[in-house]
Amino acid sequence: MKYIGLSGILGGRLNNLFTQLFAAIGINTVSSVGSISSFPGNEFDTIYVSDPVRGGQFIKYVGSDPVNNGMIFLDADGNKWERVVEKGQPLNVLWFGFVADGVTDNYPMWEAMLEYLILKKIYIYPYNHSIVCYAKLPDIIFPEQNNYYYFSQTLVIEYNMVILGQGTYNTN
């Protein structure tokens, strides 16, 4: 099966166009990543989530990595679905449910994102908390929001990790 890679966050009319296009060529669409949990996915190989913030293309996943609600989701039939990310595409923190309201603690989502990188063998985070890199980590992007991302604990940015901020409340 050929996968259709989608870069960035799609919004508004463009997002609706993709939803219509995918429906026309037989790719099932749902409105949000939360809708994946009620999706009966046994007959499909690809799902397109039309949510402009957390959406994108997902393919049926048969690996052993756990559901993390950022990159891997579970449907109603117990199937796992993994987000399609193009090579070199940054990991968007919004995919993992980060909230930029200045109040919500985003540290648990940060941990889930790091765990995903560990499980994908992009790098290993040994018990002594030093990172051994095997490949370049994907850049991590914090899209512009109306407020800042709050973390209850200090984030340790290790070697080979690039954090990108956008807009007024960018990385400082």
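This structure is a prediction, so every number in the text was calculated from the model and none was measured.

Once that is clear, we can look at the sheet that holds strand S2 (residues 46–49). Think of a sheet as strands paired side by side through backbone hydrogen bonds, with each pair either parallel or antiparallel. One open sheet accounts for five strands, arranged S1-S2-S3-S5-S4; its pairing is mixed. This sheet does not close on itself; its edge strands, each paired only once, are strand S1 (28–30) and strand S4 (72–74). With direction set aside, neighbouring strand axes in the sheet form an average angle of 35 degrees. As judged from the three bridges shared by S1 and S2, these two strands associate in the parallel manner.

Read from one edge to the other, the open sheet built from three strands follows the order S6-S9-S10, with strand pairing classed as parallel. Edge positions in the sheet fall to strand S6 (91–92) and strand S10 (163–165), since each has one partner strand and no second. Looking at chain direction, S6 and strand S9 (residues 140–142) are connected through two bridges and run parallel. Across the sheet, residue Leu 91 finds its bridge partner in S9, namely Ile 140. Against the sheet, helix H2 (residues 107–119) engages S6, S9 and S10, with an angle of about 160 degrees to S9.

An ideal rise of 1.5 Å per residue puts 18 Å on 13 residues; H2 measures up with 18 Å between its terminal C-alpha atoms. Of all the residues in H2, the buried ones are Tyr 107, Met 109, Trp 110, Met 113, Leu 114, Tyr 116 and Leu 117.

Thresholds applied
Residues numbered from 1 in each chain as written. Predicted model: local features only at pLDDT ≥ 70, side-chain atom pairs only at ≥ 80, totals over all residues. Heavy atoms only, no water. Pairing = 2+ DSSP bridges. Helix = DSSP H or I, 4+ residues; strand = E, 2+ residues; numbered from the N terminus. Axes fitted to C-alpha atoms, helices over the stretch in contact; angles between N-to-C directions. Contact = heavy atoms within 4.5 Å. Expected span 1.5 Å × (residues − 1). Buried < 20%, exposed > 50% of the residue type's maximum accessible area, 1.4 Å probe, protein only.

Purely geometric stuff here, so don't read any function into it on its own.
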